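Tertiary structure, described
What follows is each chain in one-letter form.
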Amino acid sequence: MYKNITRIAWVIFFLAIIGLPLLISSIRYNWFGLYGGMPDLSDLDNPKNELASEVFSADGELLGKYFRENRSSVEYDNLSPNLINALTATEDIRFEEHSGVDLIGLLRVFYGIVSFDLQGGGSTISQQLAKNLFQTRGALNDGTLCRMPLVGTFIIKVKEMILAVNIEKYYTKKEVMTLYLNTVDFGSNAFGIKVASKTFFNVEPDSLSVPQAAILVGLLKAPTAYSPRLNPENSIRRRNTVFGQMKKYDFLTQEELDSLKELPIGLEEYSVASHNKGLATYFRAELAKELRTWCKNNTKADGSNYDLYADGLRVYTTIDTRMQKLAEEAIEEHMTKQQGLFFEHWKGRNPWITDDYKEIKGFLNRVIRRTPRYASLKKQFGDQKDSIDAVLNRPVKMRVFTWDTPSHEMDTVLSPIDSVSYYKHFLQAGMIAVDPFTGHIKAWVGGIEHKYFQFDHVKQGYRQPGSTFKPILYSYAIDKHKYHPCFKVVDAPITFTLPSGDVWTPKNSSEYSGATFTLRQAMAMSKNTIAAYLMKEFGDHGPELVANYAEDKFGIGYLRQKYGINRKLERVPSLCLGTSDVSLFEMAAAYTPFVNGGIWTEPLFITRIEDKEGKVLAAFTPKTIQTFGEDVAYTMSYMLRGSNEERGGTSVGLRVRQVKEGQQGYNFIRGNQVGGKTGTTSNYSDAWFMGITKDLVVGVWSGGDDTSIHFRSLKYGQGGRQAMPAYALFMEKLFEDEELGFEKGEFPKPVTPIGELDCWKYEVHESSTDSTGNFILPGRVDENEFN
């Protein structure tokens, strides 16, 4: 009996000695296709792991990320000792002793199986890293034997052991630990320890406390089941198990263990990364389009294109987070008030109207047919209109946007068709701030809330600019036809005969006055008649000449071509009133020559792109165009100042506010030269304001997503009321922030003197009429005339 047992033992021993290497070799080299493939171990030289690309502001702040898996890498020295202790105590206490496979752990597993008393798994951190890096539970399991339940699991485990041993040959223990923590999934869209630390506790990995580290290590067993957000009770139990393991291996004392178990989860800073959260959401969405194009047109050393969502690019932008915050605050403060006015203005009525102010019939039905929800219902029900209508009119619980709560959200019950109606009642806005000398975009607000309204009104939206286009017309007159700002024109009807034979006579927002105005006054008061007078003076080809000038000298055509837009400015007489669609992005660029000595500067929002190692892949500089001389630039800054310096100027509200409205003058304009131009389209669907100071160009647009949605009167719908206050609020905040360093001052004067520009010296202020009886404005606004 004893001899038989001894023989059996020796047979098993020799079979193990001979069979185990054969088994490992057969699995590694996939004999007869029985086991499925193995990854190329040369991949260990550069393990493939998706890394999020990161976007940085000009002042060094992380603006956001682009990812499929939200992952950022971290070095070993930036890992908290609490984290290392919790991980090794829970997952692999002999991590420093084994070479990838823990034989003691495997024997424990074997004993647990035969005794029906499992005391834990035998996988080491290195084996788990192999699983994460090479996806051993996926495509590699295509062998015949892999399809057998228990056999397949065994084969997977052997593959992971083989890979783990090779990983330990390639990397030091610290590198293995770091790779593991950078690759593991913690749930909540957090891949890797750096993102997980920020997501759950808003700390860096080197600052993790013992309880925080224990919760994150506990998540590794099952990210959803032990999520502190979704399953807090499970999370606490698992955390306490990790505490117990740390006590078992002397990382904690009994007193510390007892104390730590009583602590709450502490999830106050929990925040899942989202493209709809954080600063500059609209900017980041538009930036992604630009970066995807760059990736498509640029290749890596291996010949493949860059992947914005996996290659860990580091993108450096021109946005200043401090200015961005101020811009977003200004838009929120202004649009909250505007929306209240709009709701009151349309109380009891719908705001989608025809030119004669009648409600557009079937408007909501046409809108909802363009939605993904309708497309899905159409696919589901086909031509069964009654079924589709039943779903569209059935009330459901939903969360919607509102200005009335701090979160800008509220829960309600609405039918899909009612939700479309609800959202169509909201006004939108856009704001952009540009350094006119470098072209750097410092702030970009594309709408009121990216989560609910994702259309960008800075670069994506094209609308009629109204009178904000007039400075281009006036600069053409001054540059090419040598008009002087003090040249006087009578406010009287101007008629054009169109190619069709029809006639067009533009009107002002008020009646023709018959008064005489300087060009400066006319632009300040936005007199359409005098803009039309200039267009007619340019001759039959005036529209063509002005359009060419705008496209060639103000970069409008260049920008459209660059961004794949074929639309050109319309060559029609009404172009002088801003009837041809442009973007806020284009208009901000168009105003840069007025500050930058006549040089148009392309707006720039990326300065450089680096790879994950910090190697510069691309650097960017703006294109410039010499639009006109510095003499014309300074003359135009004088013209634009007129809007708030001349009585009747459309932005005089920056300087003198109405007491009855509870408003005051803005401090940023005191002792400061500020130029500006309002814009209002004929039906009030678009309200604009373009503002310039010696250091900055800022543009604002406001209106409905649909041009049929707007105020019904000039009182509320004009640029001076619907757009300009947002500019004023932004500038007020800007000059109050000493850290930003903006100083008041005058526009840069040309080196060569250009002669007298003070039109007030030519005017009669004592009388309201001149010798011919024409009305004359009573001069400038007093600097001290604040209420």
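Everything below is about the structure shown above.
Report follows, based on the coordinates.

Calculation rules
Residues numbered from 1 in each chain as written. Predicted model: local features only at pLDDT ≥ 70, side-chain atom pairs only at ≥ 80, totals over all residues. Heavy atoms only, no water. Buried < 20%, exposed > 50% of the residue type's maximum accessible area, 1.4 Å probe, protein only. Helix = DSSP H or I, 4+ residues; strand = E, 2+ residues; numbered from the N terminus. Arc of directions from axis to C-beta. Pairing = 2+ DSSP bridges. Axes fitted to C-alpha atoms, helices over the stretch in contact; angles between N-to-C directions. Contact = heavy atoms within 4.5 Å. Disulfide = S-S within 2.5 Å. 1 Å grid on protein atoms, 1.4 Å probe; cavity = no way out; pocket = protein on both sides within 12 Å on 5 of 7 lines; lining within 4 Å. Points joined across faces, edges and corners; volume = space filled by probe spheres on them. Nonpolar A, V, L, I, M, F, W, Y, C, P; charged D, E, K, R; others polar. Salt bridge = Lys/Arg side-chain N within 4 Å of Asp/Glu carboxyl O. Parallel < 35°, antiparallel > 145°, perpendicular 65-115°, else oblique. Left-handed = near helix turned anticlockwise from the far one by under 90°.

1. Quick look at helix 15 (residues 385-392)
Turning to helix 15, its buried residues are I388, V391 and L392. Along the axis of helix 15, the buried positions cluster into a sector of 100°, meaning they face one direction only.

2. Details of the sheet that holds strand 17 (residues 686-692)
The strands that make up a sheet are held in pairs by hydrogen bonds between backbone atoms, and each pair lies either parallel or antiparallel. Pairing within the open sheet is antiparallel, and its five strands lie in the order 7-6-18-17-16. Two strands lie at the open edges of the sheet, namely strand 7 (441-445) and strand 16 (675-680), each paired on one side alone. The sheet shows a mean angle of 5° between the axes of neighbouring strands, direction not considered. Its contacts with the sheet put helix 12 (residues 321-345) on strand 6 (427-434), strand 7 and strand 18 (697-704), and the angle it makes with strand 7 is roughly 30°.

3. Some points on the state of the cysteines
Within the structure shown, the criterion is met by one disulfide. Across a sulfur-sulfur distance of 2.0 Å, C486 and C759 are joined as a disulfide pair. Its torsion about the S-S bond being -95°, the disulfide of C486 and C759 is classed as left-handed. In this pair, C486 sits in the loop between helix 17 (470-480) and strand 8 (488-490) while C759 sits in the segment after helix 26 (724-736), placing the two residues 273 residues apart along the sequence. No difference in accessibility class separates C486 from C759, as the two residues are buried.

4. As for unusual backbone geometry
One non-glycine residue, D250, adopts positive backbone phi at about 65°. Here D250 lies in the loop between helix 9 (232-248) and helix 10 (254-261). One non-glycine residue, Y684, lies in the positive phi region at around 70°. Take Y684: it is sitting in the loop between strand 16 and strand 17. Given the relative accessible area of 17%, Y684 is considered buried.

5. Here's the deal with the layout of surface pockets
Unfilled space is identified by rolling a water-sized probe across the atoms. Quantified by volume, the second largest pocket comes out at close to 1300 Å³. Around the second largest pocket, the lining comprises 43 residues; the ones closest to its centre are S509, T650, T680, L714 and Q718. If you list the elements that add at least two residues to the lining of the second largest pocket, you get strand 16, helix 24 (714-717) and helix 25 (719-722). Of the residues that constitute the lining of the second largest pocket, the class distribution is 10 nonpolar, 25 polar and eight charged.

6. Focus on the pattern of salt bridges
All chains considered together, the criterion is met by 28 salt bridges. Salt-bridge contacts for R641 lead to E645; the nearest nitrogen and oxygen are separated by 3.2 Å. Here R641 and its partner E645 are both found in helix 23 (residues 630-645), four residues apart, which amounts to about one turn of the helix. Given a relative accessible area of 11%, R641 falls into the buried group. Between D695 and K694 there is a salt bridge whose closest N-O contact spans 2.8 Å. Residue class for D695 comes out partly exposed when judged on its relative accessible area of 26%. Each member of the salt-bridge network shares a partner with another, and the members are R520, R641, E645 and E646.

7. Comments concerning the packing of helix 17 against helix 19 (residues 528-537)
Their axes nearest at 10 Å, the elements helix 17 and helix 19 cross at an angle of 45°. By the angle class used here, helix 17 and helix 19 are oblique. You can see that helix 17 and helix 19 cross each other, and the crossing is left-handed. Here K470, L473, Y474 and A477 of helix 17 come into contact with helix 19, specifically with N528, I530, A531, L534 and M535. A breakdown of the residues in the contact of helix 17 with helix 19 according to their chemical character gives seven nonpolar, one polar and one charged.

8. Quick look at empty space enclosed by the protein
Across all of its chains, the model carries one cavity of 30 Å³ or more by this definition. For the largest cavity, the full set of lining residues is H457, G461, Y462, R463, V582, S583, L584, W688 and W701. Tallied by class, residues from the lining of the largest cavity come to five nonpolar, three polar and one charged.

9. Considering the sheet that holds strand 1 (residues 53-56)
Strand order in the open sheet formed by five strands is 2-1-3-13-14, and the pairing between neighbours is mixed. Every other strand in the sheet has two partners, leaving strand 2 (62-66) and strand 14 (616-619) as the edge strands with one partner each. Strand-to-strand, the axes of this sheet are offset by a mean angle of 20°, without reference to chain direction. Bridging between strand 1 and strand 3 (residues 314-317) involves three bridges; their strand directions are parallel. Bridge pairing in strand 3 links F56 to Y316.

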